[in-house]
Amino acid sequence: MATIAKATTGNVTRTLVMLLGAAVFLNYVDRGAIAIAAPKMKEELGLSATEFGTAVSAFFWIYAPVQFVIGWLCDRFSVYRMLALGVIVWAASTLLIGFAGGFLSLLVLRVMLGIGESIIFPGSSKVIARHVPPEQRGMANAWCAAGLSLGPAAGTLAGGIILANYGWRVIFIAFGLLTILWLFPWRRTVAALPAAASADDAPTVPIGVLLRLPSLWAMGIGNAVSNFGFYFLLAFTPLYLVQQRGLSIEQMTLLTTLGYAVQGAAALALGAWSDRWTRSGRNEAAMRRALLSVGQIGTAASIVGIAMADSVTEIGLLLCAAGLATACLPTNLYAVAQMFAGPKAAGTWVGVQNGIGNISGIVGPVICGILIDRYGYNSAFYLSAAVAAVGGIWWAFGVPRIAQVKLD
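Residues numbered from 1 in each chain as written. Predicted model: local features only at pLDDT ≥ 70, side-chain atom pairs only at ≥ 80, totals over all residues. Heavy atoms only, no water.

Chemist: Sorry if this is basic, but what is going on with the nonpolar core here?
Modeler: Side chains that are nonpolar tend, in soluble globular proteins, to be buried together. Among the nonpolar cores identified, the biggest contains 68 residues, and Phe121, Trp186 and Trp349 are the most heavily contacted of them. Looking at this core element by element, the count peaks at 13 residues for helix H17 (residues 328-357). The residues touching Phe121, leaving out its near neighbours within four places in the chain, are Val24, Tyr28, Arg31, Tyr63, Leu148, Tyr334, Val350 and Asn354. By size, the runner-up hydrophobic cluster in this structure holds 51 residues, among which are Met41, Phe228, Leu241 and Ala309. (Core = buried A, V, L, I, M, F, W, Y, C linked by side-chain atoms within 4.5 Å. Buried < 20%, exposed > 50% of the residue type's maximum accessible area, 1.4 Å probe, protein only. Helix = DSSP H or I, 4+ residues; strand = E, 2+ residues; numbered from the N terminus. Contact = heavy atoms within 4.5 Å.)

Structure representation (structure tokens):
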């Protein structure tokens, strides 16, 4: 890895990492658009909360299982071309949702969106593991984590404005067209990579070898419990604030954008701090395990607090607290995966880990939608908080010693 990192010029490496962060940003702008559009889309298309939850879940029906294949392909073929192809598919799917005529067409396009977006985390982890040295790993993953949170922030802000003035369909058309623009700087940057740095690795680690490792399954379970609370907040917060709390579209937009903005800023700060920790020679693994555990407990407490809040101000503060807590998760989740897998197996490892982890995306929105229809929003809030709290315990005790595994 050191040889590859040195072969890549510093400026090109930084541009690669920034473009990966931009791709994650667009990924979450596009996948979260359905939540922003929900207050008007749900009414126009005549969707119940259960149908809406199913449409959200449909994204993950293919997104989760295809991760197992996509991760292996990232280690086998050109990860740079695969990232470009994924962006084309998900941008087109986003745009076409703007023309959806009912539940069935929405369902199909959400599935297609899941296929396109499945590349982003295995692909970005492969590129980071290949080009970025360990002492810069925190900040590289932080750029992606910031994209993960700033995507919903910017998407909510822009989408809320569009929703209030032009309707929900324009949201998807505008976001899809914007995503296509990412391809132009990506193509130029990849072309500037030195031949030694952009050469594809030989497929030396069969997926069957990885599937026999308890540490990989432990990371997948941790990914799943991390995702449950975040996906709940991402999918249902706009609806909850408008339908249950009686906020206007503008108020909902401001509060949710604020929470995601805090998450993005915290992710970058934590990434820089974690790199300084690692460069000092202190234990990187212990630090990342602690941040994951604390982040999960903080997420659980914030979700319960939102359900119990008495005022708009309290909700805003608790959404910021949720943003701060969830910022601990993606930066360290993928950094730990890269520590376990190393550069040769990072794509396959993260693909499998994400495949297991996104089971939460398949079952969570449907379960929460059913709970909301039958028992009200509080039941879904408490379930999501309970899963997040279990995650805090899992990261502390359920994941084995963090160190690169033997793959020979």
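This is not the end of the story, as more comes after the structure.
Chemist: I would appreciate a short explanation of helix H19 (residues 377-397) in the present structure.
Modeler: Each turn of an α-helix holds 3.6 residues, which means side chains three or four residues apart point in the same direction. An ideal rise of 1.5 Å per residue puts 30 Å on 21 residues; H19 measures up with 31 Å between its terminal C-alpha atoms. If you check which residues of H19 are buried, you get Tyr377, Ala380, Phe381, Ser384, Ala385, Val387, Ala388, Gly391, Gly392 and Trp395. Looking straight down H19, one finds that the buried residues subtend no more than 160° of arc, so they occupy a single side. For H19, the exposed residues set more than 90 degrees away from the buried face come down to Val390, Ile393 and Phe397. Packing partners of the buried residues in H19 comprise helix H13 (214-244), helix H15 (284-308), H17 and helix H18 (359-375). (Expected span 1.5 Å × (residues − 1). Arc of directions from axis to C-beta.)

Chemist: Help me out: how do you make sense of the packing of helix H16 (residues 312-326) against H17 in this one?
Modeler: Axes are the key here: two packed helices are described by the angle between their axes and the distance separating the axes. Viewed as axis vectors pointing N to C, H16 and H17 meet at an angle of 10°, and their least axial separation amounts to 4 Å. With respect to H17, the axis of H16 lies roughly parallel. Each of Leu324, Ala325 and Thr326 in H16 lies in contact with H17, whose residues at this interface are Cys328, Leu329 and Pro330. For the contact of H16 with H17, the residue count by class is five nonpolar, one polar and no charged. (Axes fitted to C-alpha atoms, helices over the stretch in contact; angles between N-to-C directions. Parallel < 35°, antiparallel > 145°, perpendicular 65-115°, else oblique. Nonpolar A, V, L, I, M, F, W, Y, C, P; charged D, E, K, R; others polar.)

Chemist: Even after reading the chapter, I still don't get the packing of aromatic side chains, so can you show me in this structure?
Modeler: Aromatic ring pairs: the centre-centre distance and the angle between the two ring planes describe each pair. Counted by the stated rule, this structure contains 14 aromatic pairs. The interplanar angle of 85° and the centroid separation of 4.9 Å between the aromatic rings of Phe232 and Phe381 together place this pair among those described as edge-to-face. Taken together, the residues Phe232 in helix H13 and Phe381 in helix H19 connect sequence positions 149 residues apart. Neither residue differs from the other here; Phe232 and Phe381 are each classed as buried. Arranged with centres 5.4 Å apart and planes meeting at 15°, the rings of Phe340 and Trp349 form a pair that is stacked. Judged by relative accessible area, Phe340 falls into the buried class, the value being 1%. Relative accessible area serves as the criterion here: at 0%, Trp349 is assigned to the buried category. Feature note: the residues Tyr28, Phe121, Phe230, Tyr231 and Tyr334 constitute an aromatic cluster, connected by ring pairs. The cationic tip of Arg282 hangs over the ring face of Trp277; the distance from NZ or CZ to the ring centre is 4.2 Å. (Phe/Tyr/Trp six-rings, centres within 6.5 Å; stacked < 30°, edge-to-face > 60°. Lys NZ or Arg CZ within 6 Å of the ring centre and 35° of its normal.)

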